[in-house]
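Here's the letter readout for the chains.
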Amino acid sequence: MARIIAGVTSSHVPAIGAAIDNHRTHEPYWQRVFEGFERSKEWIAKVKPDVVIGVYNDHASAFSVEIIPTFALGTAAEFPIADEGWGPRPVPVVKGHPELAAHIAQSVILDEFDLTLCNKMEVDHGLTVPLNLMFGTPKEWPCKVIPLAVNVVMYPPPTGHRCFALGRAIRKAVESYPEDLKVVVFGTGGMSHQISGQRAGLINSRFDKAFLDNLSNNPQKLVRMSHLEYMREAGAEGVEMVMWLIMRGALDDQVDEVYRFYTVPASNTAVGHIILENRKKGAKRAAAHGRAKKPAARARRPAAKLKRAAARQKIDRVRS
Ligand code: DHB
Ligand code: FE
């Protein structure tokens, strides 16, 4: 059986792609951003997913103002890299998983999520930048990628509630696929930013950090957030964070936050990156068993200290 083992959120800022392509990742400005993903690259190299479902938004590359699908699933075997005005980015072609994608399409459409299916689609920085941040710059991407493009560019985008429910339906679809596959879901974009207008340059770190906390521990607090609230608190483009709720909906209610990174700025945005793992069956019992073996050490440590030590072990956070 295929299963979703983890979810990742990642920035998709185009300038990150330009920094990679123009060999500027070691400049202090960019180093700060890329360093935050070093541990993530180690994590994903260990996890070795067979398939990534990449929830992202197209920036008028595959679509345009003429055709605006709300949810578009990539069912092709290959997704060429789009030319965004200065030639396609020099990154590998994205290889899909047509069989799993077709299975997801059938399952979620019969569950009444009427996706657009794309048997031919070019992908832009919205998908390739997150792949770079997580996998670096390999000759070939190390796994299959199923793109899921979400309209967050033209009003009206889907609600967070709908996105979360779609995540749930995708999870059901993946879990009914007979082949043993490890799947990781990427939610991309964000965090707070506004590119134009009077509030251009807006960053709201307090909102972003609370969003990350809730994404991890209390996603139900986020699913009913209105578009207006996203835009008021996180800027006009902050609304693209609804995509993260597809990822979160595809995970268990209870997850382990294994990594978090937050930095400002990257181009116009706050970068928010989090890795959430579905709890392995029996992991809780095993951990409790491990602790029970050391009663003496436990007795010496006051409760608050114990709690902090447990939190440090569980959540590996990097801030800059
Ligand atoms: C930038 C950020 C985005 O999320 C985007 O889609 C385009 C540009 C920026 O920070 O420049
Ligand atoms: Fe964006």
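Cut-off values and rules
- Residues numbered from 1 in each chain as written.
- Chains lettered and ligands numbered in written order.
- Predicted model: local features only at pLDDT ≥ 70, side-chain atom pairs only at ≥ 80, totals over all residues.
- Heavy atoms only, no water.
- Salt bridge = Lys/Arg side-chain N within 4 Å of Asp/Glu carboxyl O.
- Helix = DSSP H or I, 4+ residues; strand = E, 2+ residues; numbered from the N terminus.
- Buried < 20%, exposed > 50% of the residue type's maximum accessible area, 1.4 Å probe, protein only.
- Axes fitted to C-alpha atoms, helices over the stretch in contact; angles between N-to-C directions.
- Parallel < 35°, antiparallel > 145°, perpendicular 65-115°, else oblique.
- Left-handed = near helix turned anticlockwise from the far one by under 90°.
- Contact = heavy atoms within 4.5 Å.
- Near = heavy atom within 4 Å.
- Polar contact = N/O pair within 3.5 Å; in protein donor to acceptor, adjacent residues only side chain to side chain.
- Areas by Shrake-Rupley, 256 points an atom, 1.4 Å probe, with all protein chains shown as cover.
- 1 Å grid on protein atoms, 1.4 Å probe; cavity = no way out; pocket = protein on both sides within 12 Å on 5 of 7 lines; lining within 4 Å.
- Sits in = over half its atoms within 2 Å of the grid points.

Chemist: For this particular structure, what's the right way to read the pattern of salt bridges?
Modeler: Any two side chains of opposite charge can pair, so long as their charged atoms come close to each other. Under the defined criterion, the tally for this structure stands at twelve salt bridges. Asp111 serves as the salt-bridge partner of Lys172, at 3.0 Å between the closest nitrogen and oxygen. Linking Lys172 in helix α6 (residues 160–175) with Asp111 in the loop between α4 (98–110) and β6 (116–118), this pair joins segments that are 61 residues apart in sequence. For Asp111, a relative accessible area of 28% gives the class partly exposed.

Chemist: What is the right way to read the packing of α6 against helix α10 (residues 242–249) from this model?
Modeler: Relative placement of two packed helices is described by the angle separating their axes and the distance separating the axes. Axis separation between α6 and α10 bottoms out at 6 Å; the angle between their running directions is 30°. By the angle between their directions, the pair α6 and α10 is classed as roughly parallel. Where α6 crosses over α10, the handedness of that crossing is right-handed. Residue-level inspection shows Gly160, Cys163, Phe164, Leu166, Gly167, Arg168 and Ile170 of α6 in contact with α10, the latter providing Val242, Leu245, Ile246, Arg248 and Gly249.

Chemist: Is there a simple way to explain helix α5 (residues 125–135) in this structure?
Modeler: Because each turn of an α-helix spans 3.6 residues, side chains separated by three or four positions end up pointing in the same direction. With eleven of its eleven residues buried, α5 lies for the most part within the structure. What α5 keeps buried is the set His125, Gly126, Leu127, Thr128, Val129, Pro130, Leu131, Asn132, Leu133, Met134 and Phe135. Just downstream of α5, Gly136 is the residue with a positive phi angle, here 75°.

Chemist: What am I meant to see in the site of ligand 1 here?
Modeler: Taken together, the neighbourhood of ligand 1 is formed by His12, Pro14, His59, His193, Ile195, Glu240, Ser267, Asn268 and Thr269. Glu240 places a polar side-chain atom, nitrogen or oxygen, 3.2 Å from an oxygen atom of ligand 1. The side chain of Ser267 places a nitrogen or oxygen atom 2.8 Å from an oxygen atom of ligand 1. Out of a free accessible area of 300 Å², ligand 1 has 84% covered by protein chains. Using a 2 Å cut-off from the grid points, one finds that ligand 1 occupies the second largest pocket.

Honestly, that's just the spatial picture; any functional story needs more than this.
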